[in-house]
Amino acid sequence: MAAEIVNSNEELTGDVVDPAFALHRGGKMAVRATVPVQNADDLSLAYTPGVAKVCSAIAEQPELVSEYTWKSQVVAVVTDGSAVLGLGDIGPEASLPVMEGKAILFKQFGGVDAVPVALDARGADEIVETVARMAPSFGGVNLEDISAPRCFEIEAKLKERLDIPVFHDDQHGTAIVTLAALRNAAKLAGRSLGELRAVIGGAGAAGVAIARILTEAGIGDVAVCDRKGIVSADRDDLTDVKRDLASFTNKSGRTGSLESALAGADVYVGVSGGTVPEEAVATLAKDSFIFAMANPTPEIHPDVAGKYASVVATGRSDYPNQINNVLAFPGIFAGALQVGATDITEGMKLAAAEALAAVVADELSAEKVIPSPFDERVAPAVTAAVAAAARAEGVARH
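So, here's what we can say about the structure. (Residues numbered from 1 in each chain as written. Predicted model: local features only at pLDDT ≥ 70, side-chain atom pairs only at ≥ 80, totals over all residues. Heavy atoms only, no water.)

### Remarks on the sheet that holds strand E5 (residues 197–201)
Filter applied, for reference: We treat two strands as partners when DSSP finds at least two bridges between them. Strands here are runs of E lasting at least two residues and helices are runs of H or I lasting at least four, both read from the DSSP assignment and numbered beginning at the N terminus.
Ordered in space as E7-E6-E5-E8-E9-E10, the 6 strands form an open sheet in which the pairing is mixed. Each edge of the open sheet is held by one strand with a lone partner, namely strand E7 (229–230) and strand E10 (309–314). With 4 bridges joining them, E5 and strand E8 (residues 267–270) adopt parallel strand pairing. Directly across from Ile-200, in E8, lies its bridge partner Val-269.

Encoded structure:
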């Protein structure tokens with residue numbers, strides 16, 4: 001059916017109207033000039049011979065590239081198409097509509113230009129080498145929809161190799177927004193993060209990053225669960241990533257299933273899909289917080305979560321408290337690019353979460369612990385906080 005729609009004009013002119021196909025026809029973005037080229041004088045300045053002067057100056061002083069090209073204002077949105085939304089491994093071509101979407105969100109919400117880059121590559125080293133060779137054209141790299149555990153290795157190697165910000169949004173964007181919402185949920189309940197025990201369902205990219213940022217922010221305890229149960233040091237089937245995860249999580253030494261971890265827990269964060277049985281949800285501590293973020297089907301339906309939790313968040317836009325990465329990544333890159341940051345540090349991520357939480361700190365309710373993506377205060381607040389943190393952490397060029 002989809003092929004029939006794509007290969008015809010019915011979505012635009014006939015009885016079958018699919019607004020998604022209509023909107024995407026021809027792509028969602030374009031490149032435009034920022035200077036006029038209307039006559040010979042314009043052409044001689046924008047291209048030859050005028051451009052040669054600028055090229056020569058950059059050759060002599062490479063740092064001038066940030067002032068006289070778009071490099072300092074543009075991000076590469078890089079994927080291999082191996083973990084696209086909830087669609088899974090659909091390949092680089094099929095990932096392009098998502099990457100275009102990401103690029104226009106960068107522009108709309110952060111004023112940052114971004115270019116979709118879908119790679120026909122799967123090996124971690126192959127992706128790292130390809131991105132590294134492209135890096136001179138960009139001021140930052142946003143890794144997107146790359147499957148775990150390769151995504152961890154790819155990000156780590158690129159951060160080590162490049163002197164521009166590298167940020168895997170599926171990890172850190174999700175983690176930053178989750179922390180911001182949890183800070184406000186705790187504030188609303190008159191509690192501190194240090195009083196809370198959290199359980200994360202899912203030990204993929206998002207789950208690992210959320211566990212790390214919650215730990216750095218001072219959570220009382222956090223246990224992460226994969227398909228086999230709690231990630232704990234006594235298991236002999238852990239990957240290197242999960243073995244590291246076990247080293248700083250689960251301070252109480254719990255073992256067993258997700259359901260056993262939930263008993264008495266104050267926070268549930270779902271980033272795995274599947275369904276958590278209601279009888280397990282009922283064992284959470286009184287006035288708990290449930291962030292069931294699988295999209296479109298949350299691990300715990302909001303109607304069920306609302307019976308047991310004082311604050312409920314999802315990944316969906318049709319329920320309150322949407323945990324949406326667009327609240328984070330545009331401002332994070334805008335702030336990093338503004339000061340010429342060489343990296344996005346843990347301190348910059350924590351600053352972003354604090355700034356995001358502060359946007360609605362005086363407006364808190366059970367249905368508003370996180371701003372709307374369309375709240376115009378968000379990007380400026382995150383941008384300023386990230387830029388200040390970059391300077392404080394010594395990674396800002398200016």
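### A look at the pattern of salt bridges
Here the idea is simple: oppositely charged side chains can pair when their charged atoms come close. Selection rule: Salt bridge, as used here: a side-chain nitrogen of Lys or Arg that lies within 4 Å of a carboxyl oxygen of Asp or Glu. Relative accessibility thresholds used throughout: buried, under 20% of the residue-type maximum; exposed, over 50%; partly exposed, between the two (1.4 Å probe, protein chains only).
Applying the stated criterion to the full structure yields 27 salt bridges. The shortest N-O distance in the salt bridge between Lys-157 and Glu-153 comes to 2.7 Å. You can see Lys-157 and its partner Glu-153 sitting in helix H9 (residues 150–161), 4 residues apart, about one turn around the helix. Residue Lys-157 is classed as partly exposed on the basis of its relative accessible area of 32%.

### Considering the nonpolar core
We apply this condition: Think of a nonpolar core as a cluster: buried Ala, Val, Leu, Ile, Met, Phe, Trp, Tyr and Cys residues, connected wherever their side-chain atoms sit within 4.5 Å. Between two residues, a contact is recorded if the distance between any of their heavy atoms is within 4.5 Å.
The biggest cluster of nonpolar side chains holds 106 residues, and the ones touching the most others in it are Leu-182, Phe-289, Phe-291, Ile-332 and Met-348. Excluding residues within four positions of it along the chain, Phe-291 makes contact with Thr-178, Ala-181, Leu-182, Tyr-268, Val-269, Gly-270, Val-311 and Ala-313. Among the nonpolar cores identified, the runner-up in size contains 20 residues, and Leu-284, Ile-290, Ala-292 and Val-312 belong to it.

### Things to note about the packing of helix H10 (residues 169–188) against helix H17 (residues 346–359)
Rule in force here: Axis lines are fitted to C-alpha atoms, over the contacting stretch for helices. Their N-to-C directions set the angle, which ranges from 0 to 180 degrees. To sort the angles, those under 35 degrees are grouped as roughly parallel, those over 145 as roughly antiparallel, those from 65 to 115 as roughly perpendicular, and the leftovers as oblique. Note: crossing handedness is left-handed where the near helix turns anticlockwise from the far helix by less than a right angle, and right-handed where it turns clockwise. The nonpolar class holds Ala, Val, Leu, Ile, Met, Phe, Trp, Tyr, Cys and Pro. Asp, Glu, Lys and Arg form the charged class, and all remaining residues, Gly among them, are polar.
Orientation of H10 relative to H17, taken along the N-to-C sense of each, is 45°, at an axis distance of 8 Å. The angle between the axes of H10 and H17 places the two elements in the oblique class. The two elements H10 and H17 meet at a crossing, and its hand is right-handed. Contacts between H10 and H17 involve His-172, Ile-176, Val-177, Leu-179, Ala-180, Arg-183 and Asn-184 from the first element and Lys-349, Leu-350, Ala-352, Ala-353, Glu-354, Leu-356 and Ala-357 from the second. Here the contact of H10 with H17 is built from residues that sort into 9 nonpolar, 2 polar and 3 charged.

### Comments concerning unusual backbone geometry
With an omega dihedral of 10°, the bond running from Thr-48 to Pro-49 counts as a cis peptide bond. In the segment running from Ala-148 into Pro-149, the intervening peptide bond is cis, with an omega of 5°. With a phi angle near 55°, Asp-145 is a residue other than glycine that sits in the positive phi range. Along the chain, the position of Asp-145 falls in the loop between strand E3 (140–143) and H9. We classify Asp-145 as buried; its relative accessible area is 3%. If you check the backbone angles, Asp-287 has positive phi at about 55° while not being a glycine. For Asp-287, the position within the fold is in the loop between helix H14 (278–281) and strand E9 (288–292). Take Asp-287: its relative accessible area is 43%, and that puts it in the partly exposed class.

### Some words on helix H8 (residues 124–134)
Short version of the rule: Relevant arc is that of directions from the helix axis to the C-beta atoms, nothing else.
Among the residues of H8, Ala-124, Ile-127, Val-128, Val-131 and Ala-132 are the ones counted as buried. Within H8, the buried residues cover an arc of 125° as seen down the axis, which keeps them to one side. Away from its buried face by more than 90 degrees, H8 exposes Asp-125 and Arg-133.

### What to know about the environment of Leu-43
With respect to the helices and strands, Leu-43 occurs in helix H4 (residues 40–46). For Leu-43, a relative accessible area of 44% corresponds to the partly exposed category. When residues no more than four places from it in sequence are discounted, the contact partners of Leu-43 are Val-37 and Thr-48.

### Some words on the sheet that holds strand E4 (residues 166–168)
Sheet architecture is open: 4 strands sit in the order E2-E1-E3-E4, paired in parallel fashion. The open sheet terminates on both sides in strands that have one partner only, identified here as strand E2 (113–118) and E4. On average, adjacent strands in this sheet sit at an angle of 20° to one another, irrespective of strand direction. Examined bridge by bridge, E3 and E4 share 3 bridges and lie parallel to one another. Following the sheet pairing, Val-141 is matched in E4 by Val-166. The strands that helix H7 (residues 91–110) touches are strand E1 (74–79), E2 and E3; relative to E2, the one it contacts most, it runs at about 170°.

### Examining helix H11 (residues 205–217)
Put simply, the test is: Expected helix span is taken as 1.5 Å per residue step, with the number of steps being one fewer than the number of residues.
Here H11 is 13 residues long and its end C-alpha atoms lie 18 Å apart, about the 18 Å a rise of 1.5 Å per residue gives. Within H11, 10 of the 13 residues are buried, which leaves the element mostly enclosed by the surrounding structure. What H11 keeps buried is the set Ala-205, Ala-206, Gly-207, Val-208, Ala-209, Ile-210, Ala-211, Ile-213, Leu-214 and Ala-217.

### A short note on the side chain of Asp-80
Going by this rule: Any pair of N or O atoms that falls within 3.5 Å is considered a polar contact. Within protein, one atom must be able to donate a hydrogen and the other to accept it, and sequence-neighbouring residues count only if both atoms are side-chain atoms.
Relative to the helices and strands, Asp-80 is located in the loop between E1 and H7. Residue class for Asp-80 comes out buried when judged on its relative accessible area of 0%. Of note is the side chain of Asp-80, whose polar atom sits 2.7 Å from the side chain of Ser-82.

### So, the packing of H11 against H17
Between H11 and H17, whose axes approach to 11 Å, the crossing angle comes to 80°. Compared by their axis directions, H11 and H17 come out roughly perpendicular. Contacts between H11 and H17 involve Ile-213, Glu-216 and Ala-217 on the former and, on the latter, Glu-346, Lys-349 and Leu-350.

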